[in-house]
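The residues making up each chain are set out below.
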Amino acid sequence: MLTKLKSEWLTAPGTNILAGIVVALALIPEAISFSIIAGVDPMVGLYASFIIAVVISFVGGRPAMISAATGSVALVVVPLVKDYGLQYLLAATILMGLIQVIFGILKVGHLMKFIPNSVMIGFVNALAIMIFTTQIKHIFGISIPTYIFVIITLLIIYLLPRVFNTIPAPLIAIVLLTVISIYTHADVKTVGDLGDIKRTLPHFLLPDVPYTFETLKIILPYSLSMAIVGLVESLLTARIVDLATDTYSNKNQESRGQGIANFITGFFGSMGGCAMIGQSVINVRSGATTRLSTFTAGVFLIILIIVFGDWVVQIPMPILAAIMVMVSVGTFDWKSFKFIKRAPRTDAFVMILTVAIVLLTNNLALGVIVGVIVSALCFATKISKVKVEQETHEQTIYYKISGQIFFVSIDTMMNQLDLDLKHQTIYLDFQQAHLWDDSAVNAIDTLVENYNKKHNTVYVQHLNKDSKKIVTELTEINHQHLL
């Protein structure tokens, strides 16, 4: 236990603290933007990012992953805030947290293994495109100095690590170019242009809503949507960070941790959130490996708001936008172009569909869910091919059936059998087949019954062990027909 604690908190503390500082700076414009999307005061998103990051650093299942207020969750609650106001959002956020804790207890994290690689690639690419497109408004059509700051920031981030990497390049770019901007009075948009930052700490409060069944009916659909969207994005981000760091994280613990963080943040006047792939990538690429980086990001964020608020509002947006552009470039899976050419057509289609759904709806969870469903249907179609060979010897007919027999493939099998046979001895040979469900057993029952009605003698033979077990338990035919 002590060894785990040291590895998750005390490994390379300097590097992790610096990485957390970079992330904290990148969180500010994102949190403000997401608050605006949700239709609430900017401080609602800033407080959420602070609280969620700090809480998740202790209770989450993925060290070095950043969780905060996110756009995907903000988009879900727009109608709720518009129709009922902030207090109902806070109540919905608390319920969202409870639902996520329940999901964690039910070990929903195990469902990650059902997300195919094609959907993962689509998720990553869609997220990279979304990160890039959200930065366009901070770069183009503003001023010449904006372009200059973007170019210089990109050069610092790209070139500096080749000769100096003690301090994360994004942090150097933010500090250096902010100082230059302040002293030259450059014509650029700043963090302060996004919204007012109040230099106060969040405080505990109970949502001012009627505690009735009517309130529950209002907030439950939103809470459930937020919980699912948040968990899907968090668990996929955890998996991506796992791959990037060649480590394993506890997805069920992460599910519970996300729930605890959102439950707490709702009592402090804040909106819900989840893991952020952009900031998580910044964190990992800045050298972070431990929970200390996530904790630092949250703590330094509130320090920036309370202590350095007057300086923070002067950070030029083109610097932060350029950092996020580099994140989007690094996040995008450039090998996916080869994947489209070389992968099976169904896999390529699923990947492209996932990207399209996410970009059209701005809903990462919906894109993933649709991708998984379509992938499952494509897989079911692939394995539903059943081959039936017929051999006839006088009054005896042998049907040799090959393939996977389940609810999808039954019609394929039936269409290859002569159901009009009369006064024959029929052997249904399943040596090269496997029966998977009650639909398959029911199909055999139907076959035997229909053949018997036409005065045939039917035998089902050569079932493998598992198929015979399910047939024995579920069949309605006489066992003398089983060989």
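Residues numbered from 1 in each chain as written. Predicted model: local features only at pLDDT ≥ 70, side-chain atom pairs only at ≥ 80, totals over all residues. Heavy atoms only, no water.

Draft legend 1. Representation of the packing of aromatic side chains in the model. Under the counting rule described, the total for this entry stands at 14 aromatic pairs. Aromatic side chains Phe263 and Phe267 sit 5.1 Å apart centroid to centroid with 75° between the ring planes, which places their arrangement in the edge-to-face category. Between Phe406 and Phe407 the ring centres are 5.5 Å apart and the planes differ by 90°, which places this aromatic pair in the edge-to-face class. Phe407 gets classed as exposed once you look at its relative accessible area, which sits at 58%. Of the aromatic side chains, those joined through ring pairs into one cluster are Phe204, Phe263, Phe267 and Phe268. (Phe/Tyr/Trp six-rings, centres within 6.5 Å; stacked < 30°, edge-to-face > 60°. Buried < 20%, exposed > 50% of the residue type's maximum accessible area, 1.4 Å probe, protein only.)

Draft legend 2. Spotlight on the pattern of salt bridges. Under the defined criterion, the tally for this structure stands at 10 salt bridges. The partner of Glu391 in a salt bridge is Lys400, with the nearest N and O atoms 3.5 Å apart. The partner of Asp420 in a salt bridge is Lys454, with the nearest N and O atoms 3.5 Å apart. Placement of the pair is Asp420 in the loop between helix 18 (410–414) and strand 5 (425–435) and Lys454 in the loop between helix 19 (438–453) and strand 6 (457–461), with a sequence separation of 34 residues. Connected through shared salt-bridge partners, Arg62, Asp242 and Lys251 make up one network. (Salt bridge = Lys/Arg side-chain N within 4 Å of Asp/Glu carboxyl O. Helix = DSSP H or I, 4+ residues; strand = E, 2+ residues; numbered from the N terminus.)

Draft legend 3. Structural view of the nonpolar core. Among the nonpolar cores identified, the biggest contains 106 residues, and Ile28, Leu46, Phe123, Val191, Ile197 and Met271 are the most heavily contacted of them. Take this core: its biggest share by element is 12 residues, from helix 2 (residues 13–38). Not counting residues up to four positions away in its chain, the partners in contact with Phe123 are Glu233, Leu236, Thr237, Ile240, Ile277, Thr354, Leu364 and Val368. Ranked by size, the runner-up nonpolar core spans 28 residues in total, among them Ile401, Leu421, Ala440 and Tyr451. (Core = buried A, V, L, I, M, F, W, Y, C linked by side-chain atoms within 4.5 Å. Contact = heavy atoms within 4.5 Å.)

Draft legend 4. Structural detail: helix 3 (residues 42–59). Compared with the 26 Å implied by 1.5 Å per residue over 18 residues, the 26 Å span of helix 3 between its first and last C-alpha is a close match. With 16 of 18 residues buried, helix 3 is to be regarded as a mostly interior element. Near the N-terminus of helix 3, the side chain that reaches the backbone nitrogen of Met43, with its oxygen 2.8 Å away, is that of Asp41. (Expected span 1.5 Å × (residues − 1). Polar contact = N/O pair within 3.5 Å; in protein donor to acceptor, adjacent residues only side chain to side chain.)

Draft legend 5. Representation of helix 9 (residues 213–245). The terminal C-alpha atoms of helix 9 lie 46 Å apart, and with 33 residues this matches the ideal 48 Å at 1.5 Å per residue to within 8%. Ile219 marks where helix 9 bends most, by close to 40°; the proline Pro221 follows one to four residues later. After helix 9 finishes, the residue Asp246 shows a positive phi value of roughly 55°. (Bend = angle between axes of the 7 residues up to and from the residue.)

Draft legend 6. Up close: unusual backbone geometry. The backbone phi angle of His185 is positive, close to 55°, even though this residue is not glycine. Within the fold, His185 resides in the loop between helix 8 (169–184) and helix 9. Of note in the backbone geometry, His455 takes a positive phi value of approximately 65° without being a glycine. The residue His455 is located in the loop between helix 19 and strand 6 in this model. Judged by relative accessible area, His455 falls into the exposed class, the value being 55%.

Draft legend 7. Structural view of the pairing of strand 3 (residues 387–393). Bridge count for strand 3 against strand 4 (residues 396–405) is 7 bridges, and the pairing is antiparallel. Within strand 4, the residue paired with Thr392 across the bridge is Ile397. Hairpin connection, strand 3 to strand 4: the antiparallel pair is bridged by 2 residues, and Glu394 has positive phi, about 55°. (Pairing = 2+ DSSP bridges.)

Draft legend 8. Region of the structure containing the sheet that holds strand 4. A sheet is described by the order of its strands in space; here 4 strands give the open sequence 3-4-5-6, paired in mixed fashion. Of all strands in the sheet, those bounded by a partner on one side alone are strand 3 and strand 6. In this sheet, adjacent strand axes meet at a mean angle of 15° when their direction is disregarded. (Axes fitted to C-alpha atoms, helices over the stretch in contact; angles between N-to-C directions.)

Draft legend 9. Spotlight on the packing of helix 2 against helix 3. Running from amino to carboxyl end, helix 2 crosses helix 3 at an angle of 130°, the nearest separation of the two axes being 7 Å. In this view, helix 2 runs oblique relative to helix 3, as classed from their interaxial angle. Of the two elements, helix 2 crosses helix 3, and the hand of that crossing is right-handed. Contacts between helix 2 and helix 3 pair Ile28, Ala31, Ile32 and Ser35 from the former with Pro42, Val44, Gly45, Leu46 and Ser49 from the latter. Residues of the contact of helix 2 with helix 3, tallied by class, amount to 6 nonpolar, 3 polar and no charged. (Parallel < 35°, antiparallel > 145°, perpendicular 65-115°, else oblique. Left-handed = near helix turned anticlockwise from the far one by under 90°. Nonpolar A, V, L, I, M, F, W, Y, C, P; charged D, E, K, R; others polar.)

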